[in-house]
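# Architecture at a glance
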Amino acid sequence: MEEKSREEFREKKTAYEKSVESTLENNHEMKDAFTTLSGIPMNRLYTPDDIGEFDYCRNLGFPGDYPFTRGVQPTMYRGKHWTMRMYAGFSTAEESNRRYRYLLSQGSSGLSVAFDLPTQIGYDSDHAMAQGECGKVGVAIDSLADMEILFGDIPLDKVSTSMTINAPASVLLAMYICVGEKQGIAANKLSGTIQNDILKEYIARGTYIFPPKPSMRLITDIFAFCSRHVPKWNTISISGYHIREAGSTAVQEVAFTLSDGIAYVEAARKAGLDPNVFGRRLSFFFNSHNNFLEEVAKFRAARRLWAKIMKERFGVTDERAQMLRFHTQTAGCTLTAQQPENNIIRVTLQALAAVLGGTQSLHTNSMDEALALPTEKSVGIALKTQQIIAYESGVTDTIDPFGGSYVIETLTNEIERQASEYIRTIDEMGGMLAAIEKGYVQKQVQDASYEYQLAVEKNRITVVGVNQFQMEEEKKDLQLLRVDASVGERQIRKLREMKEHRDNILVNENLAKIRKAASDETENLMPYIIEAVRSYATEGEICGVLREVFGEYKENIIL
Amino acid sequence: MKERKIRVIVAKPGLDGHDRGAKVIARAFRDAGMEVIYTGLRQTPEQIVETAIQEDADAIGVSILSGAHEFYFARIIELLRQKKADDVLVFGGGVIPDSDVPKLQSLGVSAVFGPGTPTGDCVSWLLSAVAKKREEEQGECIPS
């Protein structure tokens, strides 16, 4: 600012502050203090004063350029929209395949597979722990035979597929590679993502199998294997989503996710891998919650902070390995069972925040998900919500529309600062694994979650239809999706028949090879797992062998 | 004699890893002066019932968001009956459609709290349900 205009600014600001004071004498504001959901104070007004000596190139840079605050591509959504990727899967492979083909026909641009809990925890459908759970929260997959059905008539070189699979990620990736083979598509043509993020399972999501050390080995084995053989695959999706769902604040979401990322980079470096190479295939997954401005700022802050971590802490010079590319899902925990149609509006705002924050792909929740898995109709509305933002709203026509906004830049700085403090605390504890073992991270998240609950119950936070603006409602209006209770039996029958028809001697040989390789840390497990999967060894059999060698993780109960 | 504190098991049956609600309600019960035993994840119905008996619990609160509620409630209640511990109240919450509630009640589930229920509602329900149960039990002990 020039001297003259600076003077004018001072004068006008003083006058404004006086007019505020006189307004406040007669008209109180609605709250004594305004804060974001993370507790960051929100000022009445942001002006150039708040962003101080603003260094454009250092703080923001240009899209596609370090530190990527404004986005990871030079043209962003003008060149290509984000991938509209709806998380789906339930019941059997046949039924989920039908849902995927429906979603693709409706303009979904990528698939996202939800597996049932037995699959996520490495049990076949006939395991005692699988009782009652088959096909409930996702699709039941026991062997390559199920996976072939799941992707029937879906050309794997034309779609990218994200799989929410963590502890047994190697097994499901191996199955995907084998389905590709059967379709005549080489592994180096496959694109997609496995979640493969075990640390947040210990923190927040709960589908762990093995203890940390062998789990980290499985992950770095995947990094190494894919950089050679499946180069277009995102080998991990480092997820803040579930940490936020478990109740963390936005700041904690960024901090704990990036701390997890640091732990993976360190583990891979220790395994002799080059972060300039595997760093390009790291991807992230965030939540988009209610506080709109804070969320927009959060995505920008995460991108900038990760770029700095990769460059400054790990000496990464490859720009693509410095970029934080991420998927977003709107916040499931904000969906209400009361007045469920209101959820459409919540999802719209959350999705808009993700787009303004520069997401690479997006899942929008359906209005009925506080009650059950979504119906085809409600999923359709959720997908159309993305299309309306992409094609009608105009927000995609220019890059990072909020860049330079006084409030957004202030919040971006503040989230980065507070997240960096958490990361420092975790570093001082000896890194993320140590912090999880001490229960530090879990406790932080639980405290935030309890605080939030109390804030809702004391009406400090308004939830429309829940603690304000309630109404009597006819609860049976919504048609909910029901997963047929016979899925388990059908799945078990299929599994038995498959086992009768495969070469069981070969399967046993392949399982023995996995056992041997698992005991030898210099081996990469991926080729052995692929070989076993190809011979129709089941997921439960493979994970069973690994359980024998690696043991199982025991939860550190923190209350 | 001072009335014994309410002892409640907060249980996560099966493979469901969503423990936010379980932990929040466990803390709310504890803040209301109850003795709370939180089982942690991946409990079989057998383990949950065993814990309830060993801890001499008044009630078991089951948190389940995986859609497998019918299976787990039925099994827990069946096991309590087998072990002659069916005086233990069973209630729960999670992602449970309203239309499933009558079925669960017919199995013997005392109350189901859906998403958005204030913790205070659960606390006051449990206080009065346990008081009522204790009253009835005392009644049975008085020789006629």
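Note that the structure is predicted; figures quoted are calculated from it, not measured.

### Structural notes on the interface of chain A and chain B
In this assembly, 43 residues from chain A lie in contact with 36 residues from chain B. When chain A packs against chain B, the two sides together hide about 3,200 Å² of surface, and 54% of this comes from carbon and sulfur. For the chain A face of the interface with chain B, the top three residues by lost area are Met-129, Tyr-450 and Leu-559 of chain A, together amounting to 22%. At the boundary of chain A and chain B, one finds one salt bridge. The salt bridge involving Asp-447 of chain A is made with Arg-27 of chain B; its shortest N-O contact spans 2.9 Å. Seen at the junction of chain A and chain B, the total is twelve residue pairs in polar contact (both at pLDDT 80 or more). Those elements that place two or more of their residues in the side of chain A that touches chain B are α5 (117-120), α8 (198-205), α10 (241-245) and α19 (440-457) of chain A. Among the elements that line the side of chain A that touches chain B, the one with the most residues is α19 of chain A, at eight residues. Residue classes in the side of chain A that touches chain B are distributed as 21 nonpolar, nine polar and 13 charged.

### Some thoughts on the pairing of strand β4 (residues 89-94) of chain B
All names here are of chain B. Across the six residues that make up β4, a large majority, six, are buried. Looking at chain direction, strand β3 (residues 59-64) and β4 are connected through six bridges and run parallel. Bridging from a neighbouring strand, Val-62 pairs with Gly-92 of β4. A crossover links β3 with its parallel partner β4, the connecting element being helix α3 (residues 69-82), and its sense is right-handed. By the bridge criterion, three bridges tie β4 to strand β5 (residues 111-113) in an arrangement that is parallel. Among the inter-strand pairings, Gly-92 is bridged to a residue of β5, identified as Val-112. Remark: the β4/helix α4 (residues 101-107)/β5 crossover connection has right-handed handedness.

### Quick word on the environment of Ala-88 of chain A
Residue and element names in this part refer to chain A. Along the chain, Ala-88 falls in strand β1 (residues 83-88). In this structure the C-alpha to C-alpha distance between Ala-88 and Val-113, which are 25 residues apart in sequence, comes to 5.5 Å. With sequence-adjacent residues up to four places away left out, Ala-88 is seen in contact with Arg-99, Tyr-100, Leu-103, Ser-112, Val-113 and Ala-114.

How each quantity is defined
Residues numbered from 1 in each chain as written. Chains lettered and ligands numbered in written order. Predicted model: local features only at pLDDT ≥ 70, side-chain atom pairs only at ≥ 80, totals over all residues. Heavy atoms only, no water. Contact = heavy atoms within 4.5 Å. Buried area = accessible area lost by both parts, 1.4 Å probe. Salt bridge = Lys/Arg side-chain N within 4 Å of Asp/Glu carboxyl O. Polar contact = N/O pair within 3.5 Å; in protein donor to acceptor, adjacent residues only side chain to side chain. Helix = DSSP H or I, 4+ residues; strand = E, 2+ residues; numbered from the N terminus. Nonpolar A, V, L, I, M, F, W, Y, C, P; charged D, E, K, R; others polar. Buried < 20%, exposed > 50% of the residue type's maximum accessible area, 1.4 Å probe, protein only. Pairing = 2+ DSSP bridges. Right-handed = clockwise from strand over helix to strand, strands pointing away.

So yeah, pure geometry; function would need other evidence.
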